[in-house]
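# Results of the structural survey
Below, each chain spelled out in residue letters.
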Amino acid sequence: MASHSDPEIVFDGVVKRFGDHVVLRDLDFSVAPGEFVTLIGPSGSGKTTILRLLMTLERVDDGRIHVGGECLTHEQKGDRWVPAGEKHLRRMRKRIGMVFQQFNLFPNMNVLQNVTEAPVRALGLSKSDAEERAVELLELVGLADKIREHPSRLSGGQQQRVAIARALAMRPEVLLLDEVTSALDPELVAGVLKVLKDIATTTDITFLCVTHEMQFARDVSDRVMMFDQGQVIEDAPPEKLFTEPDHERTREFLHAVLDRP
Ligand SMILES: Nc1ncnc2c1ncn2[C@@H]1O[C@H](COP(=O)(O)OP(=O)(O)OP(=O)(O)O)[C@@H](O)[C@H]1O
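Since we're looking at a predicted model, the values are computed, not measured. (Residues numbered from 1 in each chain as written. Predicted model: local features only at pLDDT ≥ 70, side-chain atom pairs only at ≥ 80, totals over all residues.)

## Description of the overall build of the protein
Assigned secondary structure in the protein consists of 9 helices and 12 strands. Here the C-alpha atoms of the protein give a radius of gyration of 19 Å, agreeing with the 18 Å that 2.2 N^0.38 yields for 261 residues. Reported as C-alpha extents along the three principal axes, the dimensions of the protein are approximately 55 × 50 × 35 Å. Residue burial in the protein is summarised as follows: out of 261 residues, 38% are buried. (Helix = DSSP H or I, 4+ residues; strand = E, 2+ residues; numbered from the N terminus. Rg over C-alpha atoms; globule rule 2.2 N^0.38 Å. Buried ≥ 20, exposed ≤ 12 C-beta atoms within 10 Å, placed from the backbone.)

Below, the structure written as structure tokens:
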């Protein structure tokens, strides 16, 4: 069982390769319960791979990942630890939600159905309980008046807010955010970020976020991890990392992204 002092997420010596390409090399980090941690770093440095490992969309080549005090990647069979089987992964997956760059809503379902489908199917909630909760969440993301609309009638920002409500409907302990505003028109970005900030500050969900929105990262994160060539090269509160980074590589990276027109 997890105790209060256990970190919510632990990467312990994680290695991930694609063929000969080592994307994560002996990666160690942890995230405390309720913390909001943002991963920044150059394109191709492995940030999305970290989220995909947590979603069990990829398997580690070495090392272990723990979530909520339990091993995600391996399970005990008798006195041996073996790579996690499908049943273990399915159970663990329910604890982790993810919001992607693309909203991935079901086009043939209305907003309410999109938010209730998984809780009814995967958590076994009754339809009326799932709907009650979905309406609360859709109010939280500012879409109470859209519950009968189909996704195609919504703006990108509204669709992304439905995707956020859908992820929250599964009551995740951990919410992973992967470039959630990248596919949005610039004028829709602020509304989505505001919703996320409200959720981050009013719930005890643990967040691991990949974003190029540096102002958002600075505003919301408890910690920012600068990631390069498969490892965390700097890990600091945002006010430190964005103003006086220790590492030259972090300085160069911030200079490049903050100067972008
Ligand atoms: N399924 C895959 N097969 C082969 N190579 C992959 C696969 N997924 C990722 N990679 C490679 O792993 C590296 C890390 O990719 P990843 O998407 O994690 O980077 P990232 O830091 O999230 O980049 P970006 O900021 O551009 O999204 C890249 O070189 C990528 O080409």
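## Observations regarding the sheet that holds strand β1 (residues 9-18)
One key point about sheets: their strands pair by backbone hydrogen bonds, in either a parallel or an antiparallel sense. Taken in spatial order, the 4 strands make up an open sheet running β2-β1-β4-β5, and their pairing is antiparallel. In this open sheet, the two strands that pair with only one neighbour each are β2 (21-31) and β5 (70-71). (Pairing = 2+ DSSP bridges.)

## As for the pairing of strand β4 (residues 62-67)
Taken together, the 5 bridges between β1 and β4 define a ladder with antiparallel strand orientation. Paired with V10 across the strands is H66, a residue of β4. Summarising the sheet, β4 and β5 pair through 2 bridges and their orientation is antiparallel. Within β5, the position partnered with V67 by the bridge is E70. Taking the residues that link successive antiparallel strands as the turn, the β4-β5 hairpin has 2 residues, and the phi of G68 there is positive, at about 55°.

## A closer look at the environment of P33
Relative to the assigned elements, P33 resides in the loop between β2 and β3 (36-40). What makes P33 partly exposed here is the crowd of 18 C-beta atoms within 10 Å. Distance in space between the C-alpha atoms of P33 and E8 is 4.9 Å, their sequence separation being 25 residues. Those residues in contact with P33 that lie beyond four places of it in its chain are E8, D204 and T206. (Contact = placed C-beta atoms within 7 Å.)

## Description of the site of the ligand
Around the ligand, the neighbouring residues are F18, V23, G41, S43, G44, S45, G46, K47, T48 and T49. Sorting elements by how many residues they give to the shell around the ligand places helix α1 (residues 47-54) first, with 3 residues. (Near = placed C-beta within 6 Å.)

## Some thoughts on α1
Each α-helix turn comprises 3.6 residues. Residues three or four places apart therefore point the same way. By the criterion of burial, α1 is predominantly enclosed, with 6 of the 8 residues buried. Residues of α1 that are buried include every one of K47, T48, I50, L51, L53 and L54, and no others.

## Looking at the packing of helix α3 (residues 111-122) against helix α5 (residues 156-169)
Between α3 and α5, the least distance of the axes is 8 Å, while the angle of their chain directions is 25°. With respect to α5, the axis of α3 lies roughly parallel. As α3 packs across α5, the resulting crossing turns out to be right-handed. Taken together, the residues of α5 that come into contact with α3 (itself represented by V111, N114, V115, A118 and P119) are V162, A165, R166 and A169. Considering only residue class, the contact of α3 with α5 consists of 7 nonpolar, 1 polar and 1 charged. (Axes fitted to C-alpha atoms, helices over the stretch in contact; angles between N-to-C directions. Parallel < 35°, antiparallel > 145°, perpendicular 65-115°, else oblique. Left-handed = near helix turned anticlockwise from the far one by under 90°. Nonpolar A, V, L, I, M, F, W, Y, C, P; charged D, E, K, R; others polar.)

## Here we look at the nonpolar core
If you look at the biggest cluster of nonpolar residues, it comprises 70 residues, and the most contacted ones within it are V115, I164, A165, L176, L177, F207 and L208. The element best represented in this core is α5, accounting for 7 residues. Setting aside residues up to four positions removed in sequence, A165 forms contacts with V115, A134, L137, L138 and V141. (Core = buried A, V, L, I, M, F, W, Y, C linked by C-beta atoms within 7 Å.)

## A closer look at the sheet that holds strand β10 (residues 206-210)
Strand order in the open sheet made by the 6 strands is β8-β9-β10-β3-β11-β12, with mixed pairing throughout. The outermost strands of the open sheet, each flanked by one partner alone, are β8 (96-99) and β12 (231-236). Taken pair by pair, the neighbouring strands of this sheet meet at an average axis angle of 20°, ignoring direction. Direction of pairing for strand β11 (residues 223-228) relative to β12: antiparallel, over a ladder of 5 bridges. Its bridge partner lying in β12, M225 is registered against D235.

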